[in-house]
Amino acid sequence: GGDDISRPESMISASSTGVSPDWRPFTPQSVSPRLCHARMWNGGRGGQCEKPTIVGSLCGRHTKQESERGLTYGRVDQDGPHSKLREFERAAVFTEGRPGREPG
């Protein structure tokens, strides 16, 4: 038969991706191959975009952003920009468990 949409998807472990130890605290523990691979701010905790992939491993919005100016926080299967790592680290120290605000 056809695709069984009720079958659970295979999640990708963050430790099996190209993410360095510095970025792991701001990377989901598991990455859904069906969702966009752009890293999101997520209150300073990092996360995966929740939109379905449209082109390759990105959603339409992030495909456009990547081609125009690059992904703000990078991809969940790679290290992000060094300057953004510092923003995540500052948010983690500042919030101490409280939701962080996106840096302005």
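Residues numbered from 1 in each chain as written. Predicted model: local features only at pLDDT ≥ 70, side-chain atom pairs only at ≥ 80, totals over all residues. Heavy atoms only, no water.

S.K.: Please clarify how the pattern of salt bridges should be interpreted in this entry.
M.R.: Any two side chains of opposite charge can pair if their charged atoms end up close together. Across all of its chains, the model carries four salt bridges by this definition. For lysine 84, the salt bridge is made with glutamate 87, and the minimal N-O distance between the two is 3.4 Å. Here lysine 84 pairs with glutamate 87, and both are found in helix H2 (residues 82–95), just three residues apart, close to one helical turn. Grouping residues by exposure puts lysine 84 and glutamate 87 together as buried. (Salt bridge = Lys/Arg side-chain N within 4 Å of Asp/Glu carboxyl O. Helix = DSSP H or I, 4+ residues; strand = E, 2+ residues; numbered from the N terminus. Buried < 20%, exposed > 50% of the residue type's maximum accessible area, 1.4 Å probe, protein only.)

S.K.: Can you help me understand the nonpolar core in this one?
M.R.: Side chains of nonpolar character tend, in soluble globular proteins, to be buried together. Val19, Trp23, Phe26, Trp41, Tyr73, Leu85, Phe88 and Ala91 form the largest nonpolar core, which has eight residues in total. Once you skip the residues sitting within four places of it in the chain, tryptophan 23 turns out to touch Arg39, Tyr73, Asp79, Gly80, Pro81, Lys84, Leu85 and Phe88. Counting six residues, the second-largest nonpolar core is a separate cluster that includes Ala38, Leu58, Cys59 and Leu71. (Core = buried A, V, L, I, M, F, W, Y, C linked by side-chain atoms within 4.5 Å. Contact = heavy atoms within 4.5 Å.)

S.K.: I would appreciate a short explanation of unusual backbone geometry in the present structure.
M.R.: Negative phi values dominate among residues other than glycine, just as trans dominates among peptide bonds. Phi at asparagine 42 is positive, roughly 50°, even though this residue is not glycine. Tracing the chain through its elements places asparagine 42 in the loop between strand E3 (39–40) and strand E4 (47–48).

S.K.: Looking at this structure, I do not really get the environment of proline 28. What am I missing?
M.R.: Structurally, the position occupied by proline 28 is in the loop between strand E1 (12–13) and strand E2 (30–31). Overall, proline 28 belongs to the buried group, its relative accessible area being 17%. The spacing of proline 28 and glutamine 48 is 20 residues in sequence and 6.7 Å in space, taken between C-alpha atoms.

S.K.: How do you make sense of the state of the cysteines when you look at a structure like this?
M.R.: Scanning the entire structure with this criterion turns up zero disulfides. In this structure cysteine 59 is not part of a disulfide, and its nearest cysteine sulfur, from cysteine 36, lies 3.7 Å away. Owing to a relative accessible area of 4%, cysteine 59 belongs among the buried residues under this scheme. (Disulfide = S-S within 2.5 Å.)

S.K.: Is there a simple way to explain the environment of leucine 35 in this structure?
M.R.: If you trace the backbone, leucine 35 turns up in the loop between E2 and E3. Separated by 14 residues in the primary sequence, leucine 35 and cysteine 49 have C-alpha atoms spaced 6.7 Å apart. Among residues more than four places away in sequence, those in contact with leucine 35 are Gln48, Cys49, Glu50, Lys51, Pro52, Thr53 and Ser57.

S.K.: Explain the side chain of threonine 27 to me, please; I cannot follow it from the model alone.
M.R.: With respect to the helices, strands and loops of the structure, threonine 27 is situated in the loop between E1 and E2. Here threonine 27 falls in the buried class, since its relative accessible area comes to 7%. A polar contact of 2.8 Å, which involves the side chain of threonine 27, links it to the backbone oxygen of tryptophan 23. (Polar contact = N/O pair within 3.5 Å; in protein donor to acceptor, adjacent residues only side chain to side chain.)

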